[in-house]
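# Reading the structure
Each chain is listed here by its residues.
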Amino acid sequence: MTDITTAQQDRVQIFDTTLRDGEQSPGATMSHDEKMEIAGLLDEMGVDIIEAGFPIASEGDFAAVSDIAKNAKNSVICGLARANFADIDRAWEAVKHAPRGRIHTFIGTSPLHRDITALDQDGMVEKIAATVSHARNLCDDVQWSPMDATRTEHDYLCRVVETAIKCGATTINIPDTVGYTAPRESADLIRMLLERVPGAEKITFATHCHNDLGMATANALAAVEAGARQIECTINGLGERAGNTALEEVVMAMRVRNDIMPYRTGIDTTKIMHLSRRVSQVSGFAVQYNKAVVGKNAFLHESGIHQDGVLKNVQTFEIMRPEDIGLTAKNIAMGKHSGRAALRAKMAELGYDLGDNQLKDVFVRFKALADRKKEVYDDDLVALMADSSAGDEHLKVQKLRVVCGTEGPQEAELTMAVGGEEKSIDATGDGPVDACFNAVKMLYPHSAKLDLYQVSAVTEGTDAQATVSVRISRDGTVYTGQSADTDTVLASVKAYVNALNRMHAGQGRANNSALQTSAAG
Ligand SMILES: CC(=O)SCCNC(=O)CCNC(=O)[C@H](O)C(C)(C)COP(=O)(O)OP(=O)(O)OC[C@H]1O[C@@H](n2cnc3c(N)ncnc32)[C@H](O)[C@@H]1OP(=O)(O)O
Ligand SMILES: CC(C)C(=O)C(=O)O
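Residues numbered from 1 in each chain as written. Chains lettered and ligands numbered in written order. Predicted model: local features only at pLDDT ≥ 70, side-chain atom pairs only at ≥ 80, totals over all residues. Heavy atoms only, no water.

## Notes on the overall build of the protein chain
Heads up, the rule is: The numbering of helices and of strands both runs from the N terminus, where a helix is a DSSP run of H or I of at least 4 residues and a strand a run of E of at least 2. Throughout, exposure labels follow a simple rule: accessible area from a 1.4 Å probe, protein chains only, divided by the maximum for the residue type, with under 20% read as buried, over 50% as exposed, and the rest as partly exposed. Contacts are assigned to residue pairs that have any heavy atoms within 4.5 Å of one another. To be clear on the numbers: accessible area is Shrake-Rupley with a 1.4 Å probe, and residue cover counts the displayed protein chains and nothing else. Positive charges come from Lys and Arg, negative ones from Asp and Glu, while His and the chain ends are left out of the count. For charged residues, the charge sits on one atom: NZ in Lys, CZ in Arg, CG in Asp, CD in Glu.
A tally of helices and strands in the protein chain yields 17 helices and 15 strands. A principal-axis box enclosing the C-alpha atoms of the protein chain has dimensions of 75 × 60 × 50 Å. Burial status across the protein chain gives 51% buried among its 521 residues. The contacts of the protein chain with a sequence gap of at least 6 include a subset with a gap of at least 24, amounting to 66%. Counting every atom, the protein chain has about 24,000 Å² of accessible surface; 50% of that belongs to carbon and sulfur. Of the side chains in the protein chain, 54 bear a positive and 72 a negative charge, and the two mean positions are spaced by 3 Å.

Right, dumping it as structure tokens:
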């Protein structure tokens, strides 16, 4: 017979905040549709709680959280709120549509944050009592966070946590807001709260770590060992500054080292790779090659001794099986002679369930790519999917010819459909990309500013595809575009046009422009 108490004690809830804290990374904007897609994938993967946004922040955030709540299947949908009634009411308005909704309210409790909100210790306790009670009157599932908990005096932290529990909080999250703590201290803090706070045994403690000193994963796991039973994390560790605890890292650590960390999650780990790729694509944040679990090199072996070992027994240099995170065995080689059945099967391996119409479109583009490239790798196909665009776009690149080289100025001849009307222009610039962007702007005059232009090679070789991310902004709203092609200049123009199409369709996000501080002053 299963020991139910032990089983429950071993279960760690995964709270994903890619769509809230992750999206707070400067520049990591996601459109409404992209958020819906990512939330659907997180729900399917078995994430227990999805923090879908900060509903009072903007109409766009409110709409995203409401729509995600309406479409939720298994996950609890959570909205963030500051310690005031207006934020809490707005969060409830958004999450109440979910089969299970949660309000997450917070306030900074450390001396630095008490100064900012101009509250003394007693005043803050009163505010916490009033706001947590208000949230609990609206919703049965209330999470409360003392922001900057790891720099809050212990006695005061115990007092505020006790207040929140008494007023109805069901989860208490202990954030290491600035990535300041270290593993032993992270564990000691949770242990101290469990020992000292009356009622602590009735609620779930959560851990929310940032990676400023590279310790977010270690700190989260240490908190779990001490009794926390919810980890807050993001896909690829996306998040403010150096990011949050990476979901894939904590989940795989508990799975691979279950001998010393005997905890369970509800995550279907085979969905990790697909989510990692999609979040990277939609946020425009590339995953570093040597990133734990999901980096391009995580299962690659180049040096002879390692290759020899892996060939004789893969466990010599691999502690996880690639298929456990959804990296498929490459037994279907894709090339110009492949047909639709193989493409559909390969795409399914990569996590894309293609309907008949989508397969038709992707197949045409796959064949065009296979004609230009000797081998079509999995990453090429993923890039091809990122390049999928709707047929009814306002701007469409039709023809492009570029002259570049040592004899400047570089020139671009561009033909583009603008609202269905074909237009052509010649333009010059400082380099081929500049010439092309100038041509686009002459055919479609606009006042948007180019904030980011980023190119990365998808695979190796001179025939590799380039993926290009472009970010533009206008009147405080940010629009992103992506494209991939073996022709880097064409990929650049298509990514730019993709961002402009989103601007035309009003699919942007308010720009909480990043403040940057520098040690140099
Ligand atoms: C650690 C974290 O990740 S916390 C979440 C951070 N995320 C974000 O801030 C993203 C979304 N934020 C936004 O869109 C905006 O900041 C808004 C809409 C929430 C607020 O915008 P504004 O009203 O213009 O306020 P602004 O951003 O300038 O300042 C924040 C205000 O909230 C107050 N505040 C901050 N945290 C809290 C809190 N937990 N409870 C109550 N008040 C708070 C600040 O003291 C400040 O108040 P003030 O305007 O009276 O000085
Ligand atoms: C809102 C809180 C939980 C937060 O994001 C932090 O403190 O980092």
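## Regarding the site of ligand 2
Just so we agree on the cut-off: A molecule or strand has a residue near it when one of that residue's heavy atoms lies within 4 Å. Pairs of N or O atoms within 3.5 Å make up the polar contacts considered here, provided that, within protein, one atom can donate a hydrogen while the other can accept it, and that residues adjacent in sequence are counted only when both atoms are side-chain atoms.
The environment of ligand 2 is formed by R20, D21, H104, F106, S145, M147, N173, P175, T177, H208 and H210. Contacts to ligand 2 include R20, whose side-chain N or O atom sits 2.9 Å from an oxygen atom. Within the side chain of D21, a nitrogen or oxygen atom sits 3.2 Å from an oxygen atom of ligand 2. When ligand 2 sits alone it has 260 Å² of accessible area, and the protein chains cover 95% of it. Looking at the shell around ligand 2, the elements that each hand over two or more residues are strand 4 (101-108), strand 5 (142-147) and strand 6 (171-176).

## Here we look at the site of ligand 1
Applicable threshold: Asp, Glu, Lys and Arg are counted as charged, while Ala, Val, Leu, Ile, Met, Phe, Trp, Tyr, Cys and Pro are counted as nonpolar; the rest, among them Gly, fall into the polar class.
With respect to spatial proximity, 13 residues lie near ligand 1, and among them R20, Q24, R82, A83 and F106 are the closest. Measuring from a nitrogen atom of ligand 1, one finds a side-chain N or O atom of Q24 at 3.1 Å. Separating a nitrogen atom of ligand 1 from a backbone N or O atom of A83 is a distance of 2.9 Å. Within the complex, the protein chains bury 54% of what would otherwise be the 1,000 Å² of accessible surface of ligand 1. Of all the secondary structure elements, the ones that give two or more residues to the shell around ligand 1 are strand 4 and helix 5 (111-117). Its residues placed into classes, the shell around ligand 1 shows 7 nonpolar, 4 polar and 2 charged.

## A few points about the sheet that holds strand 3 (residues 76-82)
Selection criterion: The pairing criterion for strands is at least two bridges between them, as found by DSSP. Axis lines are fitted to C-alpha atoms, over the contacting stretch for helices. Their N-to-C directions set the angle, which ranges from 0 to 180 degrees.
Reading around the circumference, 1-2-3-4-5-6-7-8 is the order of the 8 strands in this closed barrel, with parallel pairing throughout. This sheet shows a mean twist of 25° between the axes of neighbouring strands, independent of strand direction. The sheet contact formed by strand 5 and strand 6 spans 2 bridges and is parallel. Bridging from a neighbouring strand, W144 pairs with I172 of strand 6. Across the sheet, helix 9 (residues 216-226) touches strand 6, strand 7 (204-209) and strand 8 (230-233), and the angle it forms with strand 7 is around 170°.

## Quick look at the UniProt feature "domain: Pyruvate carboxyltransferase" (unreviewed entry) in the protein chain
Formally: UniProt positions are given in the numbering used here, feature names are shortened, and annotations may be inferred rather than shown by experiment.
Mapped onto this numbering, the UniProt entry gives "domain: Pyruvate carboxyltransferase" (unreviewed entry) at residues 12-273. Helix makes up 43% of residues 12-273 and strand 18%, whereas the separation of the span's terminal C-alpha atoms amounts to 21 Å.

## Points about the packing of aromatic side chains
Condition: Between 30 and 60 degrees the pair is tilted, below 30 it is stacked and above 60 it is edge-to-face, where a pair is any two Phe, Tyr or Trp rings, Trp via its six-membered ring, whose centres lie within 6.5 Å.
This model, assessed by the stated rule, comprises 3 aromatic pairs. Each ring, one from F437 and one from Y496, has its centre 4.1 Å from the other, and the planes form 15°; the classification is stacked. Residue F437 is found in helix 16 (residues 432-443), and its partner Y496 is found in helix 17 (residues 488-504); the two are separated by 59 residues along the sequence. Its relative accessible area of 5% is what places Y496 among the buried residues. Members of the aromatic cluster, connected to one another through ring pairs, are F437, Y453 and Y496.

## Some points on the pairing of strand 4
Here strand 4 lies mainly inside the structure; 8 of its 8 residues are buried. The alternating pattern of strand 4 places G101, I103, T105 and I107 on one face and R102, H104, F106 and G108 on the opposite face, and all of these are buried. Relative to strand 4, strand 3 runs parallel, the two sharing 6 bridges. Following the sheet pairing, L80 is matched in strand 4 by H104. One ladder, built from 6 bridges, connects strand 4 with strand 5; its direction is parallel. Each residue of the ladder has a partner; that of F106, found in strand 5, is S145.

## Notes on the domain arrangement of the protein chain
Counted only if it meets this: Domain ranges listed in this record stem from an automatic or a database domain assignment.
When cut into domains, the protein chain gives domain 1 (4-267), domain 2 (331-388) and domain 3 (395-509). Here the C-alpha centre of domain 2 lies 39 Å away from the C-alpha centre of domain 1.

## Comments concerning helix 13 (residues 340-349)
Owing to its 3.6 residues per turn, the α-helix brings residues three or four apart onto one side. Our working definition: It is the directions from the helix axis to the C-beta atoms that the arc portrays.
Those residues of helix 13 not exposed but buried are L343, K346 and M347. The buried residues of helix 13 occupy an angular sector of 100° when projected down its axis, which confines them to one face. Of the residues in helix 13, the exposed ones pointing more than 90 degrees away from the buried face are A341 and A348. Residues of helix 13 that are buried make contact with helix 14 (356-372) and helix 15 (378-386). After helix 13 finishes, the residue G351 shows a positive phi value of roughly 100°.

## Things to note about the nonpolar core
Worth spelling out the cut-off: Side-chain atoms within 4.5 Å link the members of a nonpolar core, which is a set of buried Ala, Val, Leu, Ile, Met, Phe, Trp, Tyr and Cys residues.
The biggest cluster of nonpolar side chains holds 90 residues, and the ones touching the most others in it are W144, V161, I172 and I231. Those residues within four positions of V161 in sequence are excluded, and the remaining contacts are W144, I172, I174, L193, V197 and F205. Grouped together as the second largest cluster of nonpolar side chains are 28 residues, C436, F437, A439 and Y496 included.

## Digging into the pattern of salt bridges
A side chain with one charge can pair with a side chain of the opposite charge if their charged atoms come near. Spelled out, the test is: Whenever Lys or Arg places a side-chain nitrogen within 4 Å of a carboxyl oxygen from Asp or Glu, that contact is recorded as a salt bridge.
Scanning all chains against the criterion turns up 34 salt bridges. When the shortest N-O distance is used, the salt bridge between D212 and R241 registers 2.7 Å. Of this pair, D212 sits in the loop between strand 7 and helix 9 while R241 sits in the loop between strand 8 and helix 10 (247-256); the two residues are 29 residues apart in sequence, bridging distant segments of the chain. Exposure remark for D212: the relative accessible area of 31% places this residue in the partly exposed category. One salt bridge connects D324 with R255, and the closest N-O pair in it is separated by 3.4 Å. Linking D324 in the loop between helix 12 (304-312) and helix 13 with R255 in helix 10, this pair joins segments that are 69 residues apart in sequence. Relative accessible area serves as the criterion here: at 42%, R255 is assigned to the partly exposed category. Where salt bridges share partners, they join R20, D21 and E51 into one cluster.

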